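Structure at a glance
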Amino acid sequence: MRVELKDVENELAKMWDAEASRSRSARVELFTLVALVSDPALLERAKSVVAKVAHVHDCRTIIAVWKSGDAPAISADIELHRNPEHKHEACGDGIVIEAVGSAREWLPGNVDRLLLPDLPAHVWWVGDLPDADDLFDRMVRRADVVLVNSAEMDLRDLEKLSQIVRSTQGAHAFMDLTWVRLRGMQDLVARFFDDPHARPYLDTLTEVTFAYSPRAGETDVASTRAGLLLGWIGTALGFVADSAKWTRSATGGELVIGRENGTTVKVGFVHDKREGVHDGSLTRIAMSCDAGEGKTARFELARQTDSQVLSWTSEVPGITTPPQMLRFASHDESDLLLRSLERPARDRLLEASLRAASRFVLAVAPRLSEHPPRLT
């Protein structure tokens, strides 16, 4: 139902009154989920995702989308979300705001007026983050939770995201759907060093390789997933960002970086295009450590022919550890969003990893013109 913005609340109230008369169900909404759709082509996808969230958590959803045009205009479509698993009972209300031309600048104020009072506001940026654009910055000022999916972004956007986290000084919880997707892989990497026999080799790490499935026409030296994992590992192992020296190649790149313990690590990023694997997904993580006397300790995670199966291998001199095969389920965007909203609290490890990743890749993914490249 299309209405003028000034009539949104009144018309929604009428819908809820009619629903109460029909089904005697009470209106319960727990938060507002705002989806900022950076490309009209993503609108239907965003509608599907927020509807699935509303089926689990009764809420108000606001989808804001914009398109070019000469005459500025803004309009709204409204509806009640209905849960197909519960007799199609209403489980929240949905508002889609479309801005044309310069009316895009009106979005922050209008969305702000439609937030449910005294309830949390979650703001999700859908799609790639444009350069030289402050809309996201303006929209997150009232947010309790800010959500992105960095897998849809370029490597240089890690710096922008890190800046947003720093500028708000902990006023909201920042969450990345890609980070949520990486949790399982992080757990497996951490397991390499849970073994007390393997843990000492962490200090003698010499080489790390990230293989990932590139996008068509990939120009970044690494995917944002690989960059985030680099930030996490580098934070844990004391990588020194100022020492980073990069070399590009046609199929990735190589980073040589120092550690706080005085050693140096070579980090490689290589393309490994796989069918059935999302662009940017990691297909292999391999680590080599100097075991002394010409020996090497090796640790590896690798996708198998079945892309949802990972092999876990730990090879330490004098220790026999059987390799393991583990199956990982692939989560869709609504699952990742719901997992993020299960615990809407600050993730300081994500913030630290994002900050580190943005500094490690700065030379090969500069956002600001004053960042000179430092290539070898």
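Up top is the structure these notes are about.
Here is what the cut-offs are and how they apply
- Residues numbered from 1 in each chain as written.
- Predicted model: local features only at pLDDT ≥ 70, side-chain atom pairs only at ≥ 80, totals over all residues.
- Heavy atoms only, no water.
- Pairing = 2+ DSSP bridges.
- Helix = DSSP H or I, 4+ residues; strand = E, 2+ residues; numbered from the N terminus.
- Axes fitted to C-alpha atoms, helices over the stretch in contact; angles between N-to-C directions.
- Phe/Tyr/Trp six-rings, centres within 6.5 Å; stacked < 30°, edge-to-face > 60°.
- Buried < 20%, exposed > 50% of the residue type's maximum accessible area, 1.4 Å probe, protein only.
- Salt bridge = Lys/Arg side-chain N within 4 Å of Asp/Glu carboxyl O.

1. Some words on the sheet that holds strand β11 (residues 252-258)
Through backbone hydrogen bonds, the strands of a sheet pair up, either in parallel or in antiparallel fashion. Strand order across the open sheet formed by eight strands is β10-β11-β12-β9-β13-β14-β15-β16, with mixed pairing between neighbours. The open sheet has two free edges, formed respectively by β10 (245-249) and β16 (324-327), since each of these has just one partner strand. Taking the axes of each pair of neighbouring strands and ignoring which way they run, one obtains an average angle of 15° across the sheet. Pairing of β11 with strand β12 (residues 264-271) involves seven bridges; the strand directions are antiparallel. Its bridge partner lying in β12, G253 is registered against F269.

2. Observations regarding the pairing of strand β14 (residues 295-303)
The sheet contact formed by strand β13 (residues 282-292) and β14 spans eight bridges and is antiparallel. Within the sheet, the bridge partner assigned to S288 lies in β14 and is R298. Hairpin connection from β13 to β14: two residues lie between these consecutive antiparallel strands, with E293 at a positive phi of about 55°. Note: β14 against strand β15 (residues 309-315), six bridges, orientation antiparallel. From the neighbouring strand, L301 faces β15, where its bridge partner is W312. Joining the antiparallel neighbours β14 and β15 is a turn of five residues.

3. A closer look at the sheet that holds strand β7 (residues 145-148)
The mixed open sheet is built from eight strands, whose spatial order is β1-β4-β5-β3-β2-β6-β7-β8. Two strands close off the open sheet at either side, each with one partner strand: β1 (2-3) and β8 (173-176). Relative to strand β5 (residues 89-100), strand β3 (residues 59-67) is paired through nine bridges, and the arrangement is parallel. The residue bridging C59 from the neighbouring strand is G92, located in β5.

4. A closer look at the packing of aromatic side chains
How two aromatic rings sit relative to each other is given by the distance of their centres and the angle of their planes. If you walk through the whole model with that rule in mind, you get eight aromatic pairs. Seen in terms of ring centroids, F192 and F299 are 5.4 Å apart; in terms of plane orientation they differ by 50°. Their pairing is tilted. Taken together, the residues span a long stretch of sequence, with F192 in the loop between α6 (177-191) and β9 (205-212) and F299 in strand β14 at a distance of 107 residues. The exposure class assigned to F192 is buried, which follows from its relative accessible area of 1%. Aromatic pair W246 and F269: ring centres 5.6 Å apart, planes at 25°, arrangement stacked. Taken together, the positions of W246 in strand β10 and F269 in strand β12 put the pair 23 residues apart, joining distant regions of the chain. The buried category is assigned to W246, whose relative accessible area is 0%.

5. Considering the environment of D242
Within the secondary structure layout, D242 lies in the loop between α7 (224-237) and β10. When its relative accessible area of 57% is taken as the criterion, D242 is described as exposed. When the C-alpha atoms of D242 and F360 are compared, they prove to be 8.0 Å apart, with 118 residues separating the residues in sequence.

6. What about the pattern of salt bridges?
Within the structure shown, the criterion is met by 32 salt bridges. One salt bridge in this structure joins R27 and E29, with 3.0 Å as the shortest N-O distance. When its relative accessible area of 38% is taken as the criterion, R27 is described as partly exposed. Across the pair K67 and E98 runs a salt bridge, and its minimum N-O distance is 3.7 Å. With K67 in strand β3 and E98 in strand β5, the pair connects residues that are 31 residues apart, well separated along the chain.

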